[in-house]
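# Fold and contact review
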Amino acid sequence: MADINVEQTVKEVLAQQLNIDVNTIKLESRLSEDLGLDSFGAVEMAFALEEKFGLKISDDAIYTAKIVKDIVDYIFNQLFPKG
Amino acid sequence: MQKRRVVITGLGVVAANGIGKEKFWQANTEGRSGIDCVTSFDTDGFDSHVAGQVRNFNPSEYMPAQVVNKVDRFVHFGLATSQMALADSHLDLSQEDKIRVGVIIGSGLGGILFHEEQMMVAYDKGAHRLNPLCVPKVSPNAVSSHIAIQYGLLGPNMVISTACASGGLGVGEAFRKIQWSDMDVCFAGGVDAPLTRFTFGAYCSLRVLSKKNDPPQQASRPFDRLRDGFVLAEGGAVLILEELNHALKRNAKIYAELIGYAANSGAYHMVIPDIEGKDAAKVMMAALKDAHLEGIDYINAHATSTQANDQAETRAIKAVFGERAYQLPISSTKSMIGHSIGAAGAIEAVVCALAIEHQFIPPTINYKEKDPACDLDYVPNEGRNARINTVLSNSFGFGNCNASLIFSKWKG
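Quick caveat: nothing in here was measured; it's all calculated off a predicted structure.

## Some words on the pattern of salt bridges
Tallied over the full model, the rule gives 26 salt bridges over all chains. A salt bridge links Glu 30 of chain B to Arg 32 of chain B; its shortest N-O distance comes to 2.3 Å. On the accessibility criterion, Glu 30 of chain B (48% relative accessible area) is partly exposed. Judged by relative accessible area, which is 39%, Arg 32 of chain B ranks as partly exposed. A salt bridge links Arg 315 of chain B to Glu 276 of chain B; the nearest nitrogen and oxygen atoms lie 3.0 Å apart. Taken together, the residues Arg 315 of chain B in helix H11 (residues 307–321) and Glu 276 of chain B in the loop between strand S9 (256–265) and helix H10 (278–290) connect sequence positions 39 residues apart. One salt-bridge network, in which partners are shared between bridges, spans Glu 50 and Lys 56 of chain A together with Arg 129 of chain B.

Laid out in structure tokens, this is it:
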């Protein structure tokens, strides 16, 4: 699992789902304002990421994430819990 | 209250034999088929392997990037043809009272492709994995609502689902609503995207699809003695219908006037038409009465290429026009396009408008052997120039849902 690039995978899932160029997505991009992700899109994104990473993403994490980095950090922490 | 006059001022079409009105019309005049082997899914195990599949269609050219993945393919066709029709009409929506602009689209099957994909997800991965957009992507009215959202249309917004007659009724009901002042402008048409393994297989099971797979271009052969079923197709068409004075005030180009419409029911059988064509004759007569006409210059027939439909329609035309039926040019553009279910009537309305504009009748291709039961002039294999003032278009759906539309050359 460690060889999966979390940041790149999250960006690719968003790009595919939103039908936009992956290079336009930055870690600081705002999910709603910059990328146009709505609440339904957030659920779709969560399904895709759960399949990619083999983990469960909580509804809280989906709805509280503001920028791409929030999603990346959440997944990273799930994959590599501290302590 | 007096009925108002309604004209066609914009055309958008996506069909197997052409995307956009220019390419589409060129294919129809040249007798070019859009039928080929299905490549969008595996037809292994079916008797039929051919369809009117729309190729080289990129939805991103016609709608915002973020809409593309949020809608089913049938909505892609609706949004694409709406954009084409609006651009063609040169109507400036920013100058319109949007509450007077509506959208009425026919669709026999709705978002059947996404429905099928999500059924697989439900069974393979579990119902908890169903896409949150299932309901709004699958709903038939997704197409009219997405068009309304795209252009901010606030008038009547609906989808009419009457199987293979949906597109004809979509145009007809929009015509009525403008006639009776419910709105001034309407995006009217029909769309369907039935080329999915489940839907294709379902039509195969019904034994209505042609098995003439080789060559695919010769599978759809309306009125020909050896016809053996229709060729399933996908696509769509939207026409901008406009109240006459509204169009005249802005110096719009007028393709044709819609002057007659009728819809009825055969109340006979869910799949089989009345072989005498009584209900088909009645709906044509009602449309002629609505248009105050007795004769017609050209009929764009429903003519699907099934034994039953083409024979019943021929009998119905004879019942309506008597001996004059033998002098009346009739053609089936489904011979080139295939049968696009809810899109068919709207695509054929585009054919009628362009036939009037170009004073040209497209052919029925693949007509080789005369059927004693179908003995009229089907404009076989080659189109022809003709003086066309009036055109009748038939749409007959499963469940005996029927509609006839009558178009007239605009003489302004």
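## Details of the environment of Val 271 of chain B
Residues and elements named next belong to chain B. Looking at where Val 271 falls in the secondary structure, it is placed in the loop between S9 and H10. Since its relative accessible area comes to 27%, Val 271 is described here as partly exposed. It is 13 Å that separates the C-alpha atoms of Val 271 and Ile 341, two residues lying 70 residues apart in sequence. Setting aside residues no more than four positions away along its own chain, Val 271 makes contact with Leu 206, Phe 398 and Gly 399.

Definitions and limits used
- Starting from 1, residues in each chain are numbered consecutively following that chain's sequence as written.
- Both sets of labels track the order of writing: A upward for chains, 1 upward for ligands.
- Restriction of local features to residues with pLDDT of at least 70 applies here, the model being predicted, together with a cutoff of 80 or more for giving and counting side-chain atom pairs; totals for whole chains, interfaces and linings are based on all residues.
- In computing side-chain values, all of the structure's heavy atoms are included and hydrogens and water are not.
- A carboxyl oxygen of Asp or Glu within 4 Å of a side-chain nitrogen of Lys or Arg is what we treat as a salt bridge.
- Throughout, exposure labels follow a simple rule: accessible area from a 1.4 Å probe, protein chains only, divided by the maximum for the residue type, with under 20% read as buried, over 50% as exposed, and the rest as partly exposed.
- Each helix is a run of H or I in the DSSP string that is no shorter than four residues. Each strand is a run of E no shorter than two, and both are numbered from the N terminus.
- Contacts were defined at the residue level, with two residues in contact if any of their heavy atoms lie within 4.5 Å.

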